[in-house]
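# Coordinate analysis (summary)
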Amino acid sequence: MKPLPTLCTWPAARLAQALQRGEISAVTAVQAYLDAIALRDGDVHAYLEVFSQEALEQAAASDERRAQGRPLSPLDGVPVALKDNLCVKGHVCSCASAMLASYVSPYDATVVRRLRDAGLPILGRLNMDEFAMGGSTEHSAFGPTRNPWKLSYVPGGSSGGSAAAVAAGLAPWALGSDTGGSIRQPAAFCGVVGVKPAYGAVSRYGLVAFASSLDQIGPLTRDVRDAALLLDVLCGPDERDMTSDSTLSHDYADGLNADVRGLRVGLPAECLGDGLDARALEAVQNAAEALRRRGAQVREVSVPSLSAALPAYYVLSSAEASSNLARFDGVRYGRRAQAYGDLEELYRQSRSEGLGPEVKRRILLGAYALSSGYQDRYYLKALQVRDLVRHDLARALEECDVLLGPVAPTPAYRLGERAGDPLRMYLGDVYTVPANIAGLPALSVPRGVTHDGLPLGVHLLGGRNGLATLLRAALALETPLDGAPYAQGGVLL
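Residues numbered from 1 in each chain as written. Predicted model: local features only at pLDDT ≥ 70, side-chain atom pairs only at ≥ 80, totals over all residues. Heavy atoms only, no water.

This paragraph deals with the side chain of S318. Considering the arrangement of structural elements, one finds S318 in helix α9 (residues 306-324). Side-chain polar atoms of S318 contact the backbone oxygen of Y314, separated by 2.8 Å. In this view, S318 contacts Y313, R362, L365 and G366; residues no more than four positions away in its chain are not counted. (Helix = DSSP H or I, 4+ residues; strand = E, 2+ residues; numbered from the N terminus. Polar contact = N/O pair within 3.5 Å; in protein donor to acceptor, adjacent residues only side chain to side chain. Contact = heavy atoms within 4.5 Å.)

Structure below.
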């Protein structure tokens, strides 16, 4: 790929320090990223829209504040990019769907307001699977995003545009959303850090809902320290989100260290058996050994219901999706068909034109699971499985502080390889959905590269208020005992 401007290879924390010291200006930083986008995004297709003029104006305002000695935060002037299901006032929020291709948001999502309040210029909106339904970012009405490591491979999904933008040096960090692994899986495929906070830690106000009891917003970053810095901006209670949880911690960067002596790490046996690629298994084993060498106590545990989490997830998420997407009918929201005979035909034609095949598939699955005569057999049974998964994870986390396992069964795969096999694609979420089912924090941290040049990640899951512990364990994996940088993912030079 074409060479990047030098500062586009820096972690966000280093960029923030350079701004604080006056070594660079925010305008210089934003312009460097705009230049990088112009150089590389034609190949990667991470962005759906670049807010060039607005981002430069926000950067100029940041420089003026710093010149007057009144920055809004230590991160003032560090740019950020957003997944296209987060509302930004005055901009299209399409969710990568033809249904919302012309929808302009009249308000900012809470996370967007918090970014603005901290002084972060917004570079643009990023590609995704339509309505966040997919694991490869191939299900976008505006074309697929490509993995920067190998352009013929998928970046993962649904937050594939966010992961690819960070990995390709087109944003220092980005926001995504995670309903069943949509931050963590693309982070692993693209060699970056991806964090799903506990349900309720980050306000969902202004996030276009896929499955309301599962969705959570989180960061994709180049390293763990950047993730902690951005989480400090994002987390915290919000009176506009009734699921916001004020009891959860929201101070992660201060005191972050790689000391894991005495940390109890569990390896769920159910995650290390059949179906797991040997390369992914080796990454988990190497990570376990690295934590053990740093003083952690590592042992195998059992979480028996994990095998039932995936089918329960697809019943619950599809049921909630069928309800949430009912509003996009051509009358209240979304694309309106031009030719129709009556109201029923208007609904049918508008949805046929506006929604892609994967979204239609999940709406049909959800409507079926909620239909008369089948609700008890599918939806209510899935709710029972959800309780069982929560119980089993809680029991495992009484014995352990952190559960370590794979993020996905395989590294990234070729574009189109699973397009005609939805069940195989759904299996890509098998290790990530339990965290969403139980509302627990989890993250993906890079752990090496395959012999053919594809990043690998490992998955860390913790107790409801255990995100600080997860970040500490992830930092330990990122910082080997000899202090040398670990051969992992990160920005492609």
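Okay, the packing of helix α7 (residues 224-234) against helix α15 (residues 467-478) next. Running from N to C, α7 and α15 point in directions that differ by 155°, and their axes come no closer than 9 Å. Taken together, α7 and α15 sit at an angle that is classed as roughly antiparallel. On α15, the residues that touch V224, R225, A228 and L231 of α7 are L467, L471, A474, L475 and E478. In the contact of α7 with α15, the residues fall into seven nonpolar, no polar and two charged. (Axes fitted to C-alpha atoms, helices over the stretch in contact; angles between N-to-C directions. Parallel < 35°, antiparallel > 145°, perpendicular 65-115°, else oblique. Nonpolar A, V, L, I, M, F, W, Y, C, P; charged D, E, K, R; others polar.)

With that out of the way, let us pick up the pattern of salt bridges. By the definition in use, this model includes 25 salt bridges. For R390, the salt bridge identified is with D387, shortest N-O distance 3.6 Å. Residue R390 and its partner D387 are both found in helix α12 (residues 376-399); the two are separated by three residues, about one turn of the helix. Take R390: its relative accessible area is 38%, and that puts it in the partly exposed class. D387 sits in the partly exposed class, given a relative accessible area of 48%. One connected set of salt bridges, linked through shared partners, spans E49, D84 and R125. (Salt bridge = Lys/Arg side-chain N within 4 Å of Asp/Glu carboxyl O. Buried < 20%, exposed > 50% of the residue type's maximum accessible area, 1.4 Å probe, protein only.)

This brings us to the nonpolar core. In this structure, Y47 and L404 are the most contacted members of the largest nonpolar core, which totals 103 residues. The greatest single-element share of this core, amounting to nine residues, is contributed by helix α2 (residues 26-44). With residues up to four places along the chain from it excluded, the contact list for L404 reads V265, G266, L267, P268, V284, A287, A288, L291, V458, H459 and L460. Among the nonpolar cores identified, the runner-up in size contains 52 residues, and C87, V208, F210 and V301 belong to it. (Core = buried A, V, L, I, M, F, W, Y, C linked by side-chain atoms within 4.5 Å.)

Overall, mixed pairing links the eleven strands, which are arranged β1-β3-β2-β4-β6-β5-β10-β11-β9-β7-β8 in an open sheet. Strand pairing shows two members of the sheet lacking a second neighbour, β1 (47-50) and β8 (297-301), which therefore form its edges. On average, each strand axis in the sheet is tilted by 25° relative to the strand beside it, whichever way the strands run. Looking at chain direction, β1 and strand β3 (residues 122-126) are connected through three bridges and run antiparallel. Counted as the bridge partner of E49 is R125 from β3. (Pairing = 2+ DSSP bridges.)

Every buried residue of helix α4 (residues 110-117) is listed here: T110, V111, V112, R114 and L115. Those residues of α4 hidden inside the fold are in contact with β2 (80-83), β3, β4 (173-178), β6 (216-221) and α7. Following α4 by one or two positions, G119 has its phi on the positive side, about 85°.

The step from G157 to S158 runs through a cis peptide bond, and the omega angle for that step is 5°. A positive phi angle is found at A96, which is not glycine, with a value near 55°. Overall, the relative accessible area of 0% leaves A96 in the buried class. Unlike most non-glycine residues, A132 shows phi in positive territory, near 65°. Position of A132 among the secondary structure elements: in the loop between β3 and α5 (160-167). Overall, A132 belongs to the buried group, its relative accessible area being 4%.

Here we come to the confidence of the model for the protein chain. Across the protein chain, pLDDT averages 95, with 97% of residues at or above 70. Here helix α10 (residues 343-354) stands out as the element of the protein chain with the lowest mean pLDDT, 91, in contrast to β2, whose mean of 99 is the highest. Long-range and interchain partners of residues 483-489, a stretch whose pLDDT sits below 50, account for 14 contacts in this model, where long-range means more than four residues apart. (pLDDT = per-residue confidence, 0-100.)

Moving on, we get to empty space enclosed by the protein. Tallying each qualifying case throughout the model produces six cavities of 30 Å³ or more. Estimated volume of the largest cavity: approximately 120 Å³. Surrounding the largest cavity, 13 residues form its lining, P268, C271, Y431, H459 and L461 being those nearest its centre. The dominant element in the lining of the largest cavity, judged by the number of residues it contributes, is strand β9 (residues 402-406), at four residues. Grouping the constituent residues of the lining of the largest cavity by class yields eleven nonpolar, two polar and no charged. Residue lining of the second largest cavity: 15 residues in total, with G134, G135, S182, Y314 and D429 positioned closest to the centre. (1 Å grid on protein atoms, 1.4 Å probe; cavity = no way out; pocket = protein on both sides within 12 Å on 5 of 7 lines; lining within 4 Å. Points joined across faces, edges and corners; volume = space filled by probe spheres on them.)

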